[in-house]
Structures are given as structure tokens and as C-alpha cells.
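Analysis of the macromolecular model
Spelled out, the chains give:
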Amino acid sequence: MHLDHDVTYPQRHTHSADPHRADGTRRALRIGLGGPVGSGKTATVAALCRALRAELSMAVVTNDIYTREDAEFLLREAVLPPERISAVETGACPHTAIRDDISANLEAVEELEDSVGPLDLILVESGGDNLTATFSRGLVDAQIFVIDVAGGDDIPRKGGPGVTTADLLVVNKTDLAPHVGSDLERMARDAAAQRGELPVAFQSLRGGEGVAPVAAWVRERIAAWVVR
Ligand SMILES: Nc1nc2c(ncn2[C@@H]2O[C@H](COP(=O)(O)OP(=O)(O)OP(=O)(O)O)[C@@H](O)[C@H]2O)c(=O)[nH]1
Ligand SMILES: [Mg+2]
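For the protein, an unreviewed UniProt entry supplies the name Urease accessory protein UreG and the organism Streptomyces lavendulae subsp. lavendulae. Note on the protein: under the UniProt heading Subunit (unreviewed entry), the record states "Homodimer. UreD, UreF and UreG form a complex that acts as a GTP-hydrolysis-dependent molecular chaperone, activating the urease apoprotein by helping to assemble the nickel containing metallocenter of UreC. The UreE protein probably delivers the nickel."

Considering the environment of leucine 75
Structurally, leucine 75 can be placed in helix H2 (residues 69-76). A relative accessible area of 32% means that leucine 75 is categorised as partly exposed. Distance from leucine 75 to alanine 46, taken between C-alpha atoms, is 9.8 Å for residues 29 residues apart in sequence. When neighbours within four sequence positions are excluded, leucine 75 is seen to be in contact with Pro82 and Ile85.

Here we look at the coordination of the magnesium ion (ligand 2)
Taken together, Thr42 (OG1), Asp70 (OD) and Glu125 (OE) make up the protein donors of the magnesium ion (ligand 2), found 2.1 to 2.2 Å from the metal. In the primary structure, the donors to the magnesium ion (ligand 2) are separated according to the pattern T-x27-D-x54-E. Note that threonine 42 is positioned in helix H1 (residues 41-52) and glutamate 125 in strand S4 (residues 121-125), a separation of 83 residues in sequence. The burial state of threonine 42 is the same as that of glutamate 125; both residues are buried.

Some words on the pairing of strand S2 (residues 58-64)
Working note: regular strand, side chains alternate between the two faces of the sheet. Taking burial as the measure, the 7 residues of S2 include 7 buried ones, the bulk of the element. Here S2 shows no split at all, with Met58, Val60, Thr62 and Asp64 on one side and Ala59, Val61 and Asn63 on the other all buried. Pairing geometry for S2 and S4, over 5 bridges, is parallel. In the strand pairing of S4, valine 61 is matched with valine 124. Across 5 bridges, S2 lies against strand S3 (residues 85-89) in parallel orientation. The partner of valine 61 across the bridge, within S3, is serine 86. Each parallel crossover has a hand, and the one from S2 via H2 to S3 is right-handed.

Brief notes about the sheet that holds S3
The strand order S3-S2-S4-S1-S5-S6-S7 describes an open sheet built from 7 strands, whose pairing is parallel. If you trace the sheet from one side to the other, it starts and ends with S3 and strand S7 (200-202), each paired once. Pairwise comparison of adjacent strand axes, ignoring direction, gives a mean angle of 20° for this sheet. As judged from the 4 bridges shared by strand S1 (residues 29-34) and strand S5 (residues 142-148), these two strands associate in the parallel manner.

Concerning the confidence of the model for the protein
Summary statistics for the protein give a mean pLDDT of 90 and a share of 92% for residues scoring 70 or more. In the predicted structure, residues 7-15 sits below a pLDDT of 50 and forms 12 contacts with residues beyond four places in sequence or in another chain.

Remarks on the nonpolar core
Ile31, Leu121, Leu123 and Ile144 are the most contacted members of the largest nonpolar core, which totals 32 residues. Those elements that provide at least two residues to this core are S1, H1, S2, H2, S4, S5, strand S6 (168-172) and helix H9 (212-227). The residues contacting isoleucine 144, other than those within four sequence positions of it, are Ile31, Gly32, Leu33, Gly34, Leu168, Val170, Val214 and Trp217. Membership of the second largest hydrophobic core comes to 17 residues, among which are Ile98, Leu119, Val124 and Val140.

Brief notes about the UniProt feature "binding site: GTP" (unreviewed entry) in the protein
The feature "binding site: GTP" (unreviewed entry), as annotated in UniProt, sits at Gly35, Pro36, Val37, Gly38, Ser39, Gly40, Lys41 and Thr42 in this numbering. Considering only the residues just annotated, the largest pocket is lined by Val37, Gly38, Gly40, Lys41 and Thr42. As for its placement among the helices and strands, lysine 41 is situated in helix H1. From its side chain, lysine 41 meets the backbone oxygen of glycine 35 in a polar contact 3.2 Å long.

Thresholds applied
- Within every chain, residues take consecutive numbers counted from 1 along the sequence as written.
- Naming scheme: in the order in which they are written, chains are lettered from A and ligands are numbered from 1.
- With pLDDT at 70 or above as the cut-off, local features in this predicted model cover only qualifying residues; side-chain atom pairs require 80 or more to be listed or tallied, and sums for whole chains, interfaces and linings still use all residues.
- As a rule here, side-chain values cover all heavy atoms of the structure and leave hydrogens and water aside.
- UniProt positions are given in the numbering used here, feature names are shortened, and annotations may be inferred rather than shown by experiment.
- In DSSP terms, a helix is any run of H or I states spanning at least four residues, a strand is any run of E spanning at least two, and both are numbered starting from the N terminus.
- Each residue is placed in one exposure class: buried if its accessible area under a 1.4 Å probe, protein chains only, is under 20% of its type's maximum, exposed if it is over 50%, and partly exposed if it falls in between.
- Should any heavy atoms of two residues lie within 4.5 Å, those residues are counted as being in contact.
- Counted as donors are N, O and S atoms no farther than 2.8 Å from the metal, or 3.2 Å for Na, K and Ca; water is not among the atoms, and sites may therefore look incomplete.
- Strands pair, by our definition, only if DSSP identifies at least two bridges between them.
- A crossover counts as right-handed when, viewed with the strands pointing away from the observer, the path leading from the first strand over the helix to the second turns clockwise.
- Whenever a helix is involved, its axis is fitted only over the stretch in contact; in every case the axis is a line through C-alpha atoms, and angles between N-to-C directions fall within 0 to 180 degrees.
- Per-residue confidence from the predictor is given as pLDDT, running between 0 and 100.
- Nonpolar core, defined: a set of buried Ala, Val, Leu, Ile, Met, Phe, Trp, Tyr and Cys residues in which side-chain atoms within 4.5 Å join the residues together.
- Only protein atoms enter the calculation, which uses a 1 Å grid: trapped sets of points that fit a 1.4 Å probe without letting it out are cavities, open sets showing protein on both sides within 12 Å along at least five of seven lines are pockets, and any residue with an atom within 4 Å of a point is a lining residue.
- Under this definition, polar contacts are N or O atom pairs within 3.5 Å; protein pairs additionally need one hydrogen-donor-capable and one acceptor-capable atom, and for neighbouring residues in sequence, both atoms have to be side-chain atoms.

Following this line, the structure appears as C-alpha cells:
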């Protein structure tokens, strides 16, 4: 069938990968955090909120399969005002809601922009999944894949799209490495072999620099986003 006139759709200003709002200004940068169950995604989101909330207007979307536990944790910890935290209950495999049918997540992102915006940054946490879960580029502009040293030091070698292609790979819980016998140097070598030039951050949220290197990476992405 051929149409000889333009088709118009109801306008939803961020309902796509379009980086602009209806008024032409740049919308919030959206960063997705994915990775296996319990690797430290919510803890990283909480630490990023604490590190960046004074300088950026932020909001968070969490995805859980049947609960709102991650959002409730962030609310309890008061990492952001409650109106800036939104929970999506995926009710299915977590990757479905971030990759295949992203409508519930896009709606959550849009509602946050409408209700508390303009925002600089929206963090979208996926439900914990396996090594194959990645975000649709229609939902997020960049993705962080969080693994941890306790999940086994052969995870970087095993690859998979998260480890191989995420814009930033975070290897979390380095404080546990001596206790679980994980070889951090080997993980770094394997990650570099899988990822080439793409960055890797080793992190412990129990000490040292904490989330600072990841927060610095987010700042760089924000700086590049607003001038484009
Ligand atoms: N020792 C140590 N524990 C950590 C670190 N980061 C997170 N944890 C703990 O690991 C557990 C899981 O962390 P979460 O942030 O809930 O992990 P998650 O990836 O969001 O988990 P799901 O959303 O259930 O997939 C919690 O008990 C955290 O306190 C770390 O750097 N070191
Ligand atoms: Mg979580």
C-alpha cells in the first residue's frame, strides 16, 4: 500500500531514541545498568546518585521481575527524593523489558521527565539477568555492565554481549577477591582481550575510591552529550 500523504502520530516527546525534547532542547542522557543477579547494580546506582546529585538533576528507573525491591531500597536509602525514583515491574525475563518491548520503561522515563524534569541524567537499572542481557539503543544512550569478582574470575573470558560491547564494564566487589580466590589481573587481561579499547572499571563499594571512577566516566558522557 502506498500513501501519498504524511502520516502523523500522536506526539510523545521522548518516545524514541530522539535526543531532543519537543522544544528542541537536549533531553536527559539515559544510562542503563545491566548484569547478573546480585553483582551490585543497585548499590552502584545508589553510589552514583550520592556522588552526582549535587551537580546533576537526576532520576532513576528500576526494573524488578515481580517486586519493587530495588526502588524500595533506593527510597529507604534516600539517595534521591522519592518522586525521582520509578519502578517498573517486568513480570517476565528482565531483558524483555529493556530490549524487546521497551514501552513500560520509555513511559517511566517520559513520566519522570514530565513530572520532575528537565533532567540531566536518568539511570535505568535492569533486573538481574545473565551475560546476554543488553539494552535497546531506543531506551538508553549508553550502557554499563556490572559483574562482580565473586561470580567467578572467568566471566570476562566467557564474553557475551554485555561483557564485550557495553560502553563501560564494571568489575565490582574487588574487596572480595582475596576471599573468593579471584585473580584481578587475569580478569583485566581477559576483559581487555574481549573489549579492545572499551573501558573497564574495577570497583569496590566497601572502600578505596568507591564509585569515583564510574562517576567520572558518567561526567564525561554528560559533557559529550550536552554539547552535541
Ligand atoms: N563486599 C561487597 N559487597 C557489595 C559491593 N557492592 C554491592 N555489594 C553487596 O552485594 C549485594 C547485592 O548488591 P545489589 O546492588 O543489590 O545487586 P544487584 O545487581 O542490584 O542485584 P539484583 O538487582 O537483585 O540483580 C548487596 O548485599 C550489596 O550490599 C562491593 O563492592 N563489595
Ligand atoms: Mg538491583
